[in-house]
Structures are given as structure tokens and as C-alpha cells.
Amino acid sequence: MRRRVVTAIACAAIAAGVLPGRAAAQTIRLPMEEPAPETYLGEGEQDILEELNLMRADPPRYAVHLEALRDRFRDKLLIRPGRPAVRTEEGVAALFEAISALKAAKPLPKVASSVGMTRAARKHAEDIGESGEVGHVGRDGSGPAQRLERHGKWRDAAGEAIALGSEDPRGVVIQLLVDDGVPGRGHRKSLMRDDFRVVGIACAPHEVFRQVCVIDLAAGYVSDGR
């Protein structure tokens, strides 16, 4: 069976700002050192996993968090109280499109975290965070599939999404759902893909965008313990 890897990068920092709900005021806490094997997700990374599954459990209900941003646009500027404004590429149009996609979606299965996939995501987050790059190719020339295969085996399909600049778990998920300026909305499709059931999440400081979060998803994955 042919295996596919899909990739996308979200560089426009559409963030949650002050939104209702659990994750609105939480800042992602980057791990100061490699998490222990039994925990392997840092606190902020665990919060992103929970936020992702919150969205997947009821996409139409989750749309309310995007609707809270509608009145904050001034042309292509997103006004964030107490924080710098963000210049988007598409303005409110991309937000409206994401809201429509969520309202039309059915509930999706939860995704479970994978230690091997998280290690692959962490390697890339730290790599491009240190170099200031934004792409899917590591400084050693590796792509998403190669990094995943260093720590286990994935099956059927896999994807990698990269969020830059968002400062809280909900902001990461919203940025990837809106997918401002990304042709084909690759992030949104990956986060809302029915057959993706396992995930690796890692965030690291970024030389240019302050923070990068790498999210690897797959239909299935068996970690090899490395």
C-alpha cells in the first residue's frame, strides 16, 4: 500500500488573544530539558493535544472560538488587545472559511500521543528553532518521513504541520485551522483528517518567530523505543 506524507507551514501568527474557555490565558511552557520518557510531552505540548482533541470532538462547537476573532480585523490587520497587531495575508476571509469548514464537519476520532512521533517532532522543532528556518527539511537534509522512521514505523499516511509564533495552545490550533496564506489549507486538512489517529507534538524557541510548534500526525505508528 502506498504511503503518503502531507506537509504545510503556517507562518501567519493568528493567535487566540483573549478567548473564552480553558486555554485562553495559558502560555505554552517550553520544556527546559528533554522530558522524561514516561511523560515525553511538555505541559504546553499536552495542552495542545487536549485542544486538538477538543476541536476534533465537536468541530461546529469549536467554531465559536474562531468567531470571537471576527470583529478584531481591520482590513488585513488582526488587532490583539495588549499585544502587537498581526498583518495577515488574507484578512478575515480565511477566518470565515475556517469557520464554515468547522461548522460543516462531523465529530472526529481522538488522536493519541506517540513517544516516537514526539521525538521526531522535537528534533525538527529544535533544529529549525535554532537555525531560524521555517521549512520541513532539517539541516541534515531529512524530511518528515525520514524523521518519523528514525523512531518507529508509520503506516498509510502521515503529515507534518508547523505553527510559528502562537503563544498559547488554542492559538496554535486556531492558526493551523485558519491556515492564512497556505494554499490548499494543508494544516486544516491534517488536523481534521478522519484517518489520523496518532500524533507527536513538540515546541521549541525559534530564532525569528520566538516559538515553533511541530505537529506530526499519522494513521498509525509503532515506536521502536529510540
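J.: When you look at the state of the cysteines in this model, what are you seeing that I'm missing?
T.: By definition, a disulfide links the sulfur atoms of two cysteines through a covalent bond. Per the stated rule, a full pass over the model turns up one disulfide. The disulfide partner of Cys203 is Cys213, and the gap between their sulfur atoms is 2.1 Å. Taking the sign of the torsion about the S-S bond as the criterion, the disulfide between Cys203 and Cys213, at about 105°, is right-handed. Here Cys213 lies in strand S8 (residues 210-223) and Cys203 lies in strand S7 (residues 198-206), a separation of 10 residues in the sequence. Of the residues examined, Cys213 reaches a relative accessible area of 1% and is grouped as buried.

J.: Looking at this model, I keep getting lost on helix H3 (residues 92-104). Mind explaining?
T.: Helix length check: H3, at 13 residues, gives a terminal C-alpha distance of 19 Å against a target of 18 Å (1.5 Å per residue), a fit within 8%. Listed as buried for H3 are Ala94, Leu95, Ala98, Ile99 and Leu102. Looking straight down H3, one finds its buried side chains confined to an arc of 140°; they lie on one side. Where H3 is buried, its residues touch helix H1 (43-57), helix H2 (59-67), strand S2 (73-74), helix H6 (169-178) and helix H7 (186-191).

J.: Got a minute to help me understand the pairing of S7 in this structure?
T.: Both faces of the sheet carry side chains from a regular strand, because those side chains alternate between them. With eight of nine residues buried, S7 lies mostly within the body of the structure. Strand direction decides the pairing type here: strand S5 (residues 112-113) and S7, joined by two bridges, are parallel. Opposite Ala112, over in S7, you have Val198 as the bridge partner. Pairing geometry for S7 and S8, over nine bridges, is antiparallel. Directly across from Ala204, in S8, lies its bridge partner Val212. Hairpin geometry of S7 and S8 is characterised by an intervening segment of three residues between the two adjacent antiparallel strands.

J.: Got a minute to help me understand H6 in this structure?
T.: Every α-helical turn comprises 3.6 residues, leaving residues that sit three or four positions apart pointing alike. The element H6 is largely enclosed, with a buried count of 10 among its 10 residues. Measuring from the side-chain oxygen of the N-cap residue of H6 to the backbone nitrogen of Arg170 gives 3.2 Å; that N-cap residue is Asp168.

Here is what the cut-offs are and how they apply
- Residues numbered from 1 in each chain as written.
- Predicted model: local features only at pLDDT ≥ 70, side-chain atom pairs only at ≥ 80, totals over all residues.
- Heavy atoms only, no water.
- Disulfide = S-S within 2.5 Å.
- Helix = DSSP H or I, 4+ residues; strand = E, 2+ residues; numbered from the N terminus.
- Buried < 20%, exposed > 50% of the residue type's maximum accessible area, 1.4 Å probe, protein only.
- Expected span 1.5 Å × (residues − 1).
- Arc of directions from axis to C-beta.
- Contact = heavy atoms within 4.5 Å.
- Pairing = 2+ DSSP bridges.
- Polar contact = N/O pair within 3.5 Å; in protein donor to acceptor, adjacent residues only side chain to side chain.

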